[in-house]
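Working through the structure, step by step
Single-letter residue listing:
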Amino acid sequence: MTLATTTTPQQQQAAAAPRYAREDFDALYAGSGDPWAFEGSWYETRKRRLLLASLPHERYASAFEPGCATGLLTADLAPRCGRLLASDGAERAVAATSARLAGQAHVACARLWLPDDWPPGRFDLVVLSEFVYYLAPEDIDRLASRARAALAPGGVVAACHWRHPIAGCALAGDAVHARLHGRLALGHAVALQDADFRLDVWTEGPATVAGRERRGGAI
């Protein structure tokens, strides 16, 4: 006799959640040095500029950018950071970022698979750009918890993601950011909803740049 079983929507979602491996992204880079066509895209350039402008501090002592891809955003972040760690799960992405940032001794590049390989240390800034939707929902929760635990006092978490559905991903950008918001439990400094992407910035410190400048505060 076989007993009938039922599953909750949450269990069904977890069962259908993607489990991407490093090899999946290595395969993408094997086919192209720029799998997402970042180079020369005004959409990508505009999005990076908006993200950079949304950061509430001019400079950060220590920053972490996982999912760096070919390092275009890394190169823009580097002048604003005392130390910057960029990582990706794909070996060729790490090599491309290392080449782009060659000669900048304050920038380190590493191959890390998140959330499992979260690096040691504390960060004033964590940038989560265009990769969190590749994680299963429970791994998004673990990523947010690790980011929160690694955040230095007054630190900032910025996230930017495509809002439309992506084949093979359990969640799109809006749902990813809602999940991050709940787990990070930080104050909202910026919330921007473009037609195509979602940009959110959370901070443990004061969310108002003008108010902080009047007090002479800096991170």
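Structure's up top.
Residues numbered from 1 in each chain as written. Predicted model: local features only at pLDDT ≥ 70, side-chain atom pairs only at ≥ 80, totals over all residues. Heavy atoms only, no water.

**Comments concerning the overall build of the chain**
Along the backbone of the chain there are eight helices and seven strands. When burial is assessed residue by residue, the chain has 47% of its 219 residues classed as buried. In the chain, of all internal contacts separated by at least 6 residues, the share reaching a separation of at least 24 is 66%. For the chain, the accessible area works out to roughly 10,600 Å², and carbon and sulfur atoms hold 54% of it. (Helix = DSSP H or I, 4+ residues; strand = E, 2+ residues; numbered from the N terminus. Buried < 20%, exposed > 50% of the residue type's maximum accessible area, 1.4 Å probe, protein only. Contact = heavy atoms within 4.5 Å. Areas by Shrake-Rupley, 256 points an atom, 1.4 Å probe, with all protein chains shown as cover.)

**Examining unusual backbone geometry**
Note that the residue after Leu-114, namely Pro-115, is joined by a cis bond; omega there is 10°. Examined against the element boundaries, Pro-115 turns out to sit in the loop between strand E3 (107-111) and strand E4 (123-129). We note that Ala-185 has phi near 55°; this positive angle belongs to a residue other than glycine. In this fold, Ala-185 is placed in the loop between helix H7 (173-184) and strand E6 (187-193).

**Some words on the nonpolar core**
Grouped together as the largest cluster of nonpolar side chains are 36 residues, with contacts concentrated most on Trp-118, Leu-128 and Leu-180. Elements represented by at least two residues in this core include exactly helix H2 (22-31), E4, helix H6 (137-150), strand E5 (151-162) and H7. Here this core takes five residues from H6, the largest share from any one element. Setting aside residues up to four positions removed in sequence, Leu-180 forms contacts with Leu-128, Ile-140, Ala-144, Ala-159 and Trp-202. (Core = buried A, V, L, I, M, F, W, Y, C linked by side-chain atoms within 4.5 Å.)

**So, the sheet that holds E3**
Pairing is mixed across the open sheet formed by seven strands, whose spatial order is E3-E2-E1-E4-E5-E7-E6. This sheet does not close on itself; its edge strands, each paired only once, are E3 and E6. Here the average twist between neighbouring strands, direction ignored, is 15°. Across seven bridges, E5 lies against strand E7 (residues 197-203) in antiparallel orientation. Residue pairing in the sheet places Val-157 in a bridge with Trp-202 of E7. Where helix H5 (residues 91-100) meets the sheet, its contacts fall on strand E2 (81-88) and E3, and the angle it forms with E3 comes to roughly 170°. With respect to the sheet, H6 is in contact with E4 and E5, its orientation differing from that of E5 by roughly 150°. (Pairing = 2+ DSSP bridges. Axes fitted to C-alpha atoms, helices over the stretch in contact; angles between N-to-C directions.)

**Looking at the pattern of salt bridges**
Side chains bearing opposite charge may pair, as long as their charged atoms lie close to each other. This model, assessed by the stated rule, comprises 13 salt bridges. One salt bridge connects Glu-44 with Lys-47, and the closest N-O pair in it is separated by 3.0 Å. Here Glu-44 pairs with Lys-47, and both are found in helix H3 (residues 42-54), just three residues apart, close to one helical turn. Each member of the pair Glu-44 and Lys-47 is classed as buried. (Salt bridge = Lys/Arg side-chain N within 4 Å of Asp/Glu carboxyl O.)

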